[in-house]
Each structure stands twice: as structure tokens, then as C-alpha cells.
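Letter by letter, the chains look like this.
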Amino acid sequence: EDKVVQSPLSLVVHEGDTVTLNCSYEVTNFRSLLWYKQEKKAPTFLFMLTSSGIEKKSGRLSSILDKKELFSILNITATQTGDSAVYLCAVKVNRKLIWGLGTSLAVNP
Amino acid sequence: NAGVTQTPKFQVLKTGQSMTLQCAQDMNHEYMSWYRQDPGMGLRLIHYSVGAGITDQGEVPNGYNVSRSTTEDFPLRLLSAAPSQTSVYFCASSYSTGTSGANVLTFGAGSRLTVL
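Residues numbered from 1 in each chain as written. Chains lettered and ligands numbered in written order. Predicted model: local features only at pLDDT ≥ 70, side-chain atom pairs only at ≥ 80, totals over all residues. Heavy atoms only, no water.

1. Things to note about the overall build of chain A
Then, number 1: Each helix and strand counted, chain A has 0 helices and 11 strands in total.
Then, number 2: In terms of overall dimensions, chain A has C-alpha extents of about 40 × 25 × 20 Å along its principal axes.
Then, number 3: For chain A, with 109 residues in total, the buried portion stands at 42%.
Then, number 4: Of all intrachain contacts in chain A linking residues separated by at least 6 positions in sequence, the fraction that spans at least 24 positions is 53%.
Then, number 5: Of the accessible surface of chain A, which amounts to about 5,400 Å², a share of 50% is contributed by carbon and sulfur atoms.
Then, number 6: Between the mean site of the 13 positive side-chain charges and the mean site of the 10 negative ones, chain A shows a separation of 9 Å. (Helix = DSSP H or I, 4+ residues; strand = E, 2+ residues; numbered from the N terminus. Buried < 20%, exposed > 50% of the residue type's maximum accessible area, 1.4 Å probe, protein only. Contact = heavy atoms within 4.5 Å. Areas by Shrake-Rupley, 256 points an atom, 1.4 Å probe, with all protein chains shown as cover. Lys, Arg positive; Asp, Glu negative; His and termini not counted. Charge placed at Lys NZ, Arg CZ, Asp CG, Glu CD.)

Next up, the structure:
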């Protein structure tokens, strides 16, 4: 059975800290891996990764994929209270996305 | 651009009632899908469509029907509502190469449904 596992499930940090969120997967036909941010509303897209070792970066957020070890990490540097959200990872398998349960990040001032 | 529009945002139903959640997108996306999101369960795929006239079941299709008569619209019908269908529902769409399915999904704002 295809599965996507995110860790940790929740995390509390102070503003300015750096955090690393993990997403591991076991799927039959990997196509791509996507990261989303969800605040108290709909998920919004962050990154899509298809190739190992190529970092995607947007401001203080970055992500990388390891297709040999079957995982991805999402890094957030110099965290701000506005980074507080649930971060979702999804893997495209055939025509569908398989979702992890998310990591709930709380950034305290 | 409106993106993905879902209506209604909130709905309260009684057990056994039927209703339709509407979803429309104006991005000419071939792929459209419906998810439900429950605490501790994550996003679960209900039904999806890779183009007009083509629909398929996701992980949790029971109790729900869909149709895709146009590229723009993908309504979700609850046939006989049950308390277990209390959830937040998201419609999402993406471009698709042929029938390759989901890519970067754009989500609607969500519909919160309560079944008493």
C-alpha cells in the first residue's frame, strides 16, 4: 500500500529558529513530491520536486528530494510567527496524490 | 482570475438529506478532484476527474457521486447525508498532460459541512 509519512507531527519553536520537516514515502510508481502550507484555510503550494539532489528555494524556505532514500526535507530558516501552519507533503503516484498527515508548526514570538 | 470557487462555504444538513457541493474553476484545468479533511485523517480523495466526461473513485467514494459534463464544473453530490460525512470538503484542480492526472493542485476555499 502506498504511504507518505511526515515527521514530526508537531513542532513548537521560537522566532528565529531553523526547522527541518521530514517526509518519507513508500510508493509503487513515484512521479513527483509536493509540499503545501495550510493555515486556517485551503492548502497553498510551496514546492514540487521530481529530481534528487536539486534544491528548490523560495525566500527562507527550501526543499530537497532524495529518491534513493525515499524522503524529502523542508527547511525553514529564521522562522517567523507567520510560518505557523500545517505543512503537508504529497507524492504523485500514477494519476493521484497521496498525502501525509502533515506537520503542525507553531512559531512563538 | 477567480481560481477554484466552491459553494456553499457552510452547510448544516439533517441525516438523510441530499445536497450538492458546487465547484467551478476558470483556469482550463483538465484535472479536478474532491477531498475531505478530518482531524487526524489528513486529506482523503473522494473522487477525481481527468477531463470532461471522465470520473473515477478515490479512497473514500461511498455516499458521494460526481459528474463532469464541462471542463469548468465538478459538483459533488451527497445522496443521503450521514453524520460520518461531517467534514471540511475541498475541491482542487490542476493542469494535466493528457490523462496524466494531478499536478500542482489549486484548492478552493473549502466547504464546512455538518450533518446532524
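2. What to know about the pairing of strand β5 (residues 42-51) of chain B
Residues and elements named next belong to chain B.
Then, number 1: Among the 10 residues of β5, 10 are classified as buried, and the element is accordingly described as predominantly covered.
Then, number 2: Bridge count between strand β4 (residues 31-38) and β5: 7 bridges; the pairing is antiparallel. Directly across from Met-32, in β5, lies its bridge partner Ser-49.
Then, number 3: Two successive antiparallel strands, β4 and β5, enclose a turn made up of 3 residues, where Gly-40 displays a positive phi of approximately 80°. (Pairing = 2+ DSSP bridges.)

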